[in-house]
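The residues making up each chain are set out below.
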Amino acid sequence: MPPKARQTKTLIASMTTVVISILAVLTWLFYYKRKRDNQKYERPEYLAHLAKASAFLDTVAAIDDYVTWVYRDRLKTEYREVAIFFKNKTSYYVKEEKVKTFIDTFSDFDNYIAYRNREYVSIQKRKLSEFFDDIEGKSIDEQQRNAVVVDEYSNLIIAGAGSGKTLTILAKVKYLVE
């Protein structure tokens, strides 16, 4: 075989070896990264925080009443550690949709609860329209209905004489009892 042909054959063999080596390294890196990515979903710390995030989402989904600021703040305090753990990690834990849902809900929890409370009050006012039309034989207006349905620890009612403060308090007591 001529020397030039031998050099070409040796060069092709060397290049083939290099290409096969590169492919082997890339394959190993691909499987290593995949294994490492899957391992992050098996870490005990992640699983514990994911369980707490799921508990938070279940708790929030089960709310079917007016949420007071005290209860809202208690939930925020109880799940703050989970929020800190998952903060800025929604793309890191991209396979787990609950992480994104938890972060989205928790990061804007005050507005989320305010919205849910407005919806609750609106539904209650519609559902109990007949109830509000007969408080001691009188009907209460929209502001009074809001004061009756809203369930905060305290409600401040400021109004002039004869505006219906006592009627509102009677309606609140009747609402709570019935």
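A few points on the structure.

The rules behind each value
- Residues numbered from 1 in each chain as written.
- Predicted model: local features only at pLDDT ≥ 70, side-chain atom pairs only at ≥ 80, totals over all residues.
- Heavy atoms only, no water.
- Core = buried A, V, L, I, M, F, W, Y, C linked by side-chain atoms within 4.5 Å.
- Buried < 20%, exposed > 50% of the residue type's maximum accessible area, 1.4 Å probe, protein only.
- Helix = DSSP H or I, 4+ residues; strand = E, 2+ residues; numbered from the N terminus.
- Contact = heavy atoms within 4.5 Å.
- Salt bridge = Lys/Arg side-chain N within 4 Å of Asp/Glu carboxyl O.

Things to note about the nonpolar core
Membership of the largest hydrophobic core comes to 21 residues, with the highest contact counts inside it found for Tyr46, Phe56, Tyr79, Phe86 and Phe102. Sorting elements by how many residues they give to this core places helix 2 (residues 44-62) first, with six residues. Once residues lying within four places of it in the same chain are set aside, the contact partners of phenylalanine 86 are Tyr46, His49, Leu50, Ala53, Tyr93, Val99, Phe102 and Ile103. Counting residues in each nonpolar core, the second largest holds 13 residues, with Phe131, Ile135, Val148 and Ala171 among its members.

Focus on the pattern of salt bridges
Under the defined criterion, the tally for this structure stands at six salt bridges. As a salt-bridge pair, arginine 145 and aspartate 133 come within 2.5 Å of each other at their nearest N and O atoms. With arginine 145 in helix 8 (residues 142-149) and aspartate 133 in the loop between helix 7 (129-132) and helix 8, the pair connects residues that are twelve residues apart, well separated along the chain. Overall, the relative accessible area of 7% leaves arginine 145 in the buried class. It is possible to trace a salt-bridge network through shared partners that takes in Arg72, Asp73, Lys76 and Asp110.

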